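Fold and geometry: a report
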Number of protein chains: 2
Amino acid sequence: MKIGFIGIGVMGHWMAAHLLAAGNEAYVYNRTKVKAKQIVEQGAVWCDTPQAVAENADVVFSIVGYPQDVKEIYYGENGIFTADVKDKILVDMTTSTPSLAEQIAQTAKQKGAESLDAPVSGGDLGAKNATLTIMVGGSQEAYEKVMPLFKVMGKSYVLHGGPGKGQHTKMANQIMIAGTMTGMTEMLVYAKAAGLNLEKVIETVGGGGGANWSLANYAPRILKEDYTPGFFVKHFIKDLKIALAEAEKMAIDLPATKEATRLYELLAQKGYENDGTQALIKLWWGN
Amino acid sequence: MKIGFIGIGVMGHWMAAHLLAAGNEAYVYNRTKVKAKQIVEQGAVWCDTPQAVAENADVVFSIVGYPQDVKEIYYGENGIFTADVKDKILVDMTTSTPSLAEQIAQTAKQKGAESLDAPVSGGDLGAKNATLTIMVGGSQEAYEKVMPLFKVMGKSYVLHGGPGKGQHTKMANQIMIAGTMTGMTEMLVYAKAAGLNLEKVIETVGGGGGANWSLANYAPRILKEDYTPGFFVKHFIKDLKIALAEAEKMAIDLPATKEATRLYELLAQKGYENDGTQALIKLWWGN
């Protein structure tokens, strides 16, 4: 199949590489061209604009940074929608706003194309190992057509409803993680202040009703002072702010998520926005 | 061995029954005598006061409601410390304050006895199935003597340090759970408002970086509107308030735990203090 891939970054590089390795023809674009060098050497065709990608490919994937970047690659001067996208499927995998996903779906429909919002979780390792969780919104029909390609990139790829529902599911996921991250961090802060052996506490708490992925994966890294990003603080803030904005639109209050967002924004203000999310502990243990 | 057991409640009944079934002689006391009827029929010896329990037993366990109840059974008129406790081991398994555990350890020492603080997690099911997690503070020597009895009641029983460290570990555990409970609750609130299929979302979120025990165990109960207590709201509030008071003593701020406590107190004010902790969602979905 002729696939397009826009956004050859920490995640996109691996995702595109898997699609290429699975025997697809790949047309790629990235804002910073040099990052696509390796994938082009592996056989992908470089395109100078998102428009060119969309002209060449039948299914166009994108995974970029922020909602405004998504808007740019879709609606910008040389964006996807300046191409003839009739009968094509446009799949944005960026974590972005549900409303933008709905808007893209509407434009796509007007142009005779289909679209899916399909944000992922699992980070760079998930992308590398093709074990991403892919949360999909859109039509059943488009989902089924793209499924074989999702399968190449992820271990889980579930359709959660119409346009925007993939993004909403990702927001739900981030709200959950806001709880495990703040809980895990304050747990360690308390345990250290109380003079406990942190390895033992992590094992005990992780063996019962407090068990969670953040504790199992990030707490040991914190003890090793390893703050390299599995997931960037700045991206987590982006996600949480989208979640809170959506919650406000839906007239629901999420106080714990708000508090988590406030703490992460404080962390970013202190200069840690390019650390991994486990760096939250630096609000207490920072120097 | 001659064991004493004070507090024959939802947890204590099973714990005492396991100790009895393991071949120990058991002396029991409960504030409400009728609750001890069954264990006495099974062969335990009823005592009219904590003092009488302490006179008869070599190792005295207790698991009661609040720190003031612990104070009462230890320092009250017919309390444990009015007995001759020389060479005995006093094991309080109530979730209580680290400072009270330290005070008991000091009094015990003065009287030639030893003490352990050994709060548990795992709830009534853990007590029934002898799969409790027991978090122990006290001397290595006393811990080793009591270990065979802990083994009868729990699947994990770790010494976390000197007097009070068992309680501190339990507080760390509750701080972690405050995060998973608020995160899980707000996640469901968001997902429902966004019109998502909650079963699918729970499966997707629980299959990745958001995975946690509360989500796996409580979220499905919430969907069935099952708010029966695995763990009471009122007891969780007690624990969180102890944790926050200790944090304040140690001059550390735990904003997310504070927010969780505020939400649970609001829930109790609305009349749900005897529900299980999963009832937090009633702040949004309540009628």
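Conventions adopted
- Residues numbered from 1 in each chain as written.
- Chains lettered and ligands numbered in written order.
- Predicted model: local features only at pLDDT ≥ 70, side-chain atom pairs only at ≥ 80, totals over all residues.
- Heavy atoms only, no water.
- UniProt positions renumbered as here; feature names shortened; annotations may be inferred.
- Salt bridge = Lys/Arg side-chain N within 4 Å of Asp/Glu carboxyl O.
- Helix = DSSP H or I, 4+ residues; strand = E, 2+ residues; numbered from the N terminus.
- Buried < 20%, exposed > 50% of the residue type's maximum accessible area, 1.4 Å probe, protein only.
- Contact = heavy atoms within 4.5 Å.
- Polar contact = N/O pair within 3.5 Å; in protein donor to acceptor, adjacent residues only side chain to side chain.
- Nonpolar A, V, L, I, M, F, W, Y, C, P; charged D, E, K, R; others polar.
- Axes fitted to C-alpha atoms, helices over the stretch in contact; angles between N-to-C directions.
- Parallel < 35°, antiparallel > 145°, perpendicular 65-115°, else oblique.
- Left-handed = near helix turned anticlockwise from the far one by under 90°.
- Expected span 1.5 Å × (residues − 1).
- Phe/Tyr/Trp six-rings, centres within 6.5 Å; stacked < 30°, edge-to-face > 60°.
- Lys NZ or Arg CZ within 6 Å of the ring centre and 35° of its normal.
- Least-squares fit on C-alpha atoms with pLDDT ≥ 70 in both.
- Core = buried A, V, L, I, M, F, W, Y, C linked by side-chain atoms within 4.5 Å.
- Domains from an automatic or database assignment.
- Buried area = accessible area lost by both parts, 1.4 Å probe.

- Named according to an unreviewed UniProt entry, chain A is Oxidoreductase originating from Enterococcus canintestini.
- In UniProt, chain A has this text filed under Sequence similarities (unreviewed entry): "Belongs to the HIBADH-related family."

1. Topic: the pattern of salt bridges
Residue and element names in this part refer to chain A.
- Under the defined criterion, the tally for this structure stands at 22 salt bridges over all chains.
- One salt bridge connects Glu141 with Lys145, and the closest N-O pair in it is separated by 3.9 Å. Of this pair, Glu141 and Lys145 are both found in helix 7 (residues 140-153), 4 residues apart, which corresponds to roughly one turn of the helix.
- A salt bridge links Lys282 to Asp275; the nearest nitrogen and oxygen atoms lie 2.6 Å apart. Like Lys282, the residue Asp275 is buried in the burial classification.
- Several salt bridges converge on common partners, so that one network encompasses Glu114, Glu141 and Lys145.

2. Quick word on the interface of chain A and chain B
- Facing the 57 residues of chain A at the interface are 57 residues of chain B.
- Taken together, the links from chain A to chain B amount to 18 residue pairs in polar contact (both at pLDDT 80 or more).
- Every element with two or more residues in the side of chain A that touches chain B is listed here: strand 8 (132-138), strand 9 (154-159), helix 8 (165-193), helix 9 (198-206), helix 10 (213-223), helix 11 (233-249) and helix 12 (255-272) of chain A.
- When residues in the side of chain A that touches chain B are grouped by element, the largest group, 20 residues, is from helix 8 of chain A.
- Residue composition of the side of chain A that touches chain B, by class: 31 nonpolar, 18 polar and 8 charged.

3. Some remarks on the packing of helix 8 (residues 165-193) of chain B against helix 10 (residues 213-223) of chain B
Residues and elements named next belong to chain B.
- In contact at an axis separation of 10 Å, helix 8 and helix 10 are set at 45° when each is read in the N-to-C sense. With respect to helix 10, the axis of helix 8 lies oblique. In the packing of helix 8 onto helix 10, the handedness of the crossing is right-handed. On helix 10, the residues touching Thr180, Met181, Met184, Met187 and Leu188 of helix 8 are Ser214, Leu215, Tyr218, Ala219 and Ile222.
- Of the residues contributing to the contact of helix 8 with helix 10, the split by class is 8 nonpolar, 2 polar and no charged.

4. Concerning the UniProt feature "active site" (unreviewed entry) in chain A
Residue and element names in this part refer to chain A.
- As recorded in UniProt, the feature "active site" (unreviewed entry) lies at Lys170.
- Relative to the helices and strands, Lys170 resides in helix 8.
- Residues within four places of Lys170 in sequence aside, it is in contact with Thr95, Pro119, Val120, Met135 and Asp239.

5. A closer look at helix 12 (residues 255-272) of chain B
- With 18 residues, helix 12 of chain B ought to run about 26 Å at 1.5 Å a step, and its terminal C-alpha atoms sit 23 Å apart, in line with that.
- Burial in helix 12 of chain B covers these residues: Pro255, Ala256, Thr257, Glu259, Ala260, Thr261, Leu263, Tyr264, Leu267, Ala268 and Tyr272 of chain B.

6. Here we look at the packing of aromatic side chains
- Per the stated rule, a full pass over the model turns up 18 aromatic pairs over all chains.
- A ring pair is formed by Phe5 of chain A and Phe61 of chain A, whose centres lie 5.9 Å apart and whose planes are at 25°; its orientation type is stacked. Of this pair, Phe5 of chain A sits in strand 1 (residues 2-6) while Phe61 of chain A is found in strand 4 (residues 59-62), placing the two residues 56 residues apart along the sequence.
- Classification of Phe61 of chain A as buried rests on a relative accessible area of 0%.
- Between the aromatic rings of Tyr74 of chain B and Phe81 of chain B, the centroid separation amounts to 5.3 Å while the plane-to-plane angle is 50°, which identifies the pairing as tilted. Take Tyr74 of chain B and Phe81 of chain B: they sit in the same class, and that class is buried.
- Grouped by ring-pair contacts, the aromatic residues Phe5, Phe61, Tyr143 and Phe150 of chain A constitute a single cluster.
- When the ring centre of Phe232 of chain A is taken as reference, the NZ or CZ atom of Lys234 of chain A above it lies at 5.1 Å.
- Directly above the aromatic system of Tyr66 of chain B lies the positively charged group of Lys238 of chain B, at a separation of 5.5 Å from the ring centroid.

7. Topic: the UniProt feature "domain: 6-phosphogluconate dehydrogenase NADP-binding" (unreviewed entry) in chain A
- The UniProt entry lists residues 2-160 of chain A under the feature "domain: 6-phosphogluconate dehydrogenase NADP-binding" (unreviewed entry), expressed in the numbering used here.
- When the span residues 2-160 of chain A is considered, its composition is 40% helix and 25% strand, and the gap between its end C-alpha atoms is 26 Å.

8. Examining the relation of the copies chain A and chain B
- Here chain A sits on chain B after a turn of 180° about the axis and a move of 0.0 Å along it, with an RMSD of 0.0 Å. Look at the turn and shift together and you get a two-fold axis relating the two.
- A high fraction, 100%, of the interface residues of chain A reappear at the interface in chain B, so the copies pair face to face through one surface.

9. Description of the nonpolar core
All names here are of chain B.
- Counting 56 residues, the largest nonpolar core has Phe5, Met15, Phe61, Val91, Met93, Ile134 and Phe150 as its most contacted members.
- Per-element tally for this core: the top contributor is helix 7 (residues 140-153), with 6 residues.
- In this structure, Phe61 is in contact with Ile3, Gly4, Phe5, Ile6, Leu19, Val91, Met93, Val146, Leu149, Phe150 and Met153, ignoring residues within four places of it in sequence.

10. Details of the domain arrangement of chain A
Residue and element names in this part refer to chain A.
- Its domain assignment divides chain A into domain 1 (2-162) and domain 2 (168-285).
- On a C-alpha basis, the centres of domain 1 and domain 2 stand 28 Å from each other.
- Across the interface of domain 1 and domain 2, roughly 1,100 Å² is buried in total on both sides, 61% from carbon and sulfur atoms.
- Summed over the shared surface of domain 1 and domain 2, the number is 0 salt bridges.
- Counting every contact that joins domain 1 to domain 2 gives 5 residue pairs in polar contact (both at pLDDT 80 or more).
- Contributing elements (two or more residues each) for the side of domain 1 that touches domain 2: helix 5 (98-110), strand 7 (120-121) and helix 6 (123-128).

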